[in-house]
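Each chain, letter by letter, is given below.
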Amino acid sequence: MTKRYWNINLEQMIEARVHLGYSKKRWNPKIAPYIITKGKHRRNAIHIINLAKTARFLSEACDLLFDAASKGQNILIVGTKKWPQKVADSVALAAIRARCHCVNQKWFRGMLTNWVITYMKLFKLKHLKVLENKGRFHSLPKRDAAILKRKLSTLQRYLGGIKYMTNLPDIVIIIDQEKEYIALRECIILGIPTICLIDTNCDPDLTDIPIPANDKDPISIRWILSQLVSAISEGHQKNLIMKKKNLIMKKKI
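Let us look at the structure shown here. Note that the structure is predicted; figures quoted are calculated from it, not measured. (Residues numbered from 1 in each chain as written. Predicted model: local features only at pLDDT ≥ 70, side-chain atom pairs only at ≥ 80, totals over all residues. Heavy atoms only, no water.)

### Side note on the packing of helix α4 (residues 115–133) against helix α5 (residues 142–159)
Any two packed helices are characterised by how steeply their axes cross, that is the angle between the axes, and by the distance between the axes.
Logical step 1: Interhelical geometry of α4 versus α5 gives an angle of 125° and a closest axis separation of 10 Å. Between α4 and α5, the angle falls in the class oblique. Here α4 and α5 pass one another in a crossing that is left-handed. Contacts from Lys121, Leu122, Lys124, Leu125, Leu128, Lys129 and Glu132 of α4 reach α5 at Leu148, Lys151, Leu152, Leu155, Gln156 and Leu159. (Axes fitted to C-alpha atoms, helices over the stretch in contact; angles between N-to-C directions. Helix = DSSP H or I, 4+ residues; strand = E, 2+ residues; numbered from the N terminus. Parallel < 35°, antiparallel > 145°, perpendicular 65-115°, else oblique. Left-handed = near helix turned anticlockwise from the far one by under 90°. Contact = heavy atoms within 4.5 Å.)

### Describing the sheet that holds strand β6 (residues 171–175)
Logical step 1: With parallel pairing, the five strands of this open sheet are ordered in space as β5-β4-β6-β7-β8. Every other strand in the sheet has two partners, leaving β5 (101–103) and β8 (209–212) as the edge strands with one partner each. Direction aside, the axes of adjacent strands within the sheet are offset by 15° on average.
Logical step 2: Relative to β5, strand β4 (residues 75–78) runs parallel, the two being bridged by three bridges. When the sheet's bridge partners are listed, Ile77 is paired in β5 with Cys102.
Logical step 3: Relative to β8, helix α2 (residues 51–70) is tilted by about 135°, and along the sheet it contacts β4, β6, β7 (194–198) and β8. (Pairing = 2+ DSSP bridges.)

### Concerning the packing of aromatic side chains
Logical step 1: Applying the stated criterion across every chain yields a total of four aromatic pairs.
Logical step 2: Between Tyr34 and Phe57, the ring centres sit 5.7 Å apart and the planes meet at 55°, which makes this aromatic pair tilted. Placement of Tyr34 in the loop between β1 (20–23) and β2 (35–41) and of Phe57 in helix α2 is noted, with a sequence separation of 23 residues between them. Here the two residues Tyr34 and Phe57 agree in accessibility, since each one is buried.
Logical step 3: Relative to Tyr119, the ring of Trp115 lies with its centre 6.3 Å away and its plane at 50°, an arrangement referred to as tilted. Of the two residues, Trp115 and Tyr119 both sit in helix α4, four residues apart, roughly one turn of that helix.
Logical step 4: Owing to a relative accessible area of 14%, Trp115 belongs among the buried residues under this scheme.
Logical step 5: Lying over the aromatic face of Phe57, Arg56 brings its terminal NZ or CZ to 4.5 Å of the ring centre.
Logical step 6: The side chain of Lys121 reaches across the aromatic face of Phe108, ending 5.4 Å from its centre. (Phe/Tyr/Trp six-rings, centres within 6.5 Å; stacked < 30°, edge-to-face > 60°. Buried < 20%, exposed > 50% of the residue type's maximum accessible area, 1.4 Å probe, protein only. Lys NZ or Arg CZ within 6 Å of the ring centre and 35° of its normal.)

### Details of the nonpolar core
Soluble globular proteins tend to pack their nonpolar side chains together in the buried interior.
Logical step 1: Core analysis: the biggest nonpolar cluster contains 70 residues, and Ile77, Ile173, Ile224 and Leu228 have the highest contact counts within it.
Logical step 2: Sort the elements by how many residues they give to this core and α2 lands first, with 10 residues.
Logical step 3: Inspection of this core shows a minimum of three residues originating in each of domain 1 (10–110 + 170–252) and domain 2 (113–167).
Logical step 4: Leave out the neighbours within four places in its chain, and Leu228 touches Leu58, Ala61, Cys62, Leu65, Ile173 and Ile211. (Core = buried A, V, L, I, M, F, W, Y, C linked by side-chain atoms within 4.5 Å. Domains from an automatic or database assignment.)

### Re the state of the cysteines
Logical step 1: All told, the structure shown has zero disulfides when counted by the stated rule.
Logical step 2: Not engaged in a disulfide, the cysteine Cys100 finds its nearest cysteine sulfur in Cys102; these two sulfurs lie 7.4 Å apart.
Logical step 3: Look at Cys100 and you get buried, because its relative accessible area is 14%.
Logical step 4: Unpaired in terms of disulfides, Cys187 finds its nearest cysteine sulfur in Cys196, a separation of 8.0 Å. (Disulfide = S-S within 2.5 Å.)

Take it as geometry only, folks, not as evidence of what the structure does.
Spelled out as structure tokens, the structure:
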């Protein structure tokens, strides 16, 4: 894995409230090495995350994502937290910026482990989208057209972020390990490497690269995602440059 320098600013992490964990009542003892101490915030005693550890693992995650993107591998971002709603929006925007796939509304059990069924649903989504673009719905009876439009809307909402994913992802980024536990288990079963944003209530042993950080605040999540997206974007640029070089070499031959 390529080791690169990533501009991870501790002051920015503090401003983004990355260091604020859960209260002691909700903590996971396995997270102890990633905690500095118990502090006070809004009258509740909470754990303070060690930002030096956050910077270290975030840098490792960026290295892994850079290498994956530079090789043209598929990257999937999963974050379906309903509160605050801005989290789902942040995941969608990050996926667009990084030119990768995302699931930000609902994770269906078996989405990866039962990939054949998921692929069939994606094929149905694309087929219905083509029919809509060609205006075929207008030629159908109103009841049939309404059923197909409702089906298309549902598929677009839940699978729209992975509609161009033709194979299983090579790396999965998970926002909030506790919320996305089913997605994490599927990745473990399939042997897909995972990068997890873990708060003080999570188990760091379940993921390949844990990033200890506040997963309750959309500002913290956006900041972490911005660092990961930057690494993916740089990897895509390297991949594009290599493709151009290979094309030039083939023309010379």
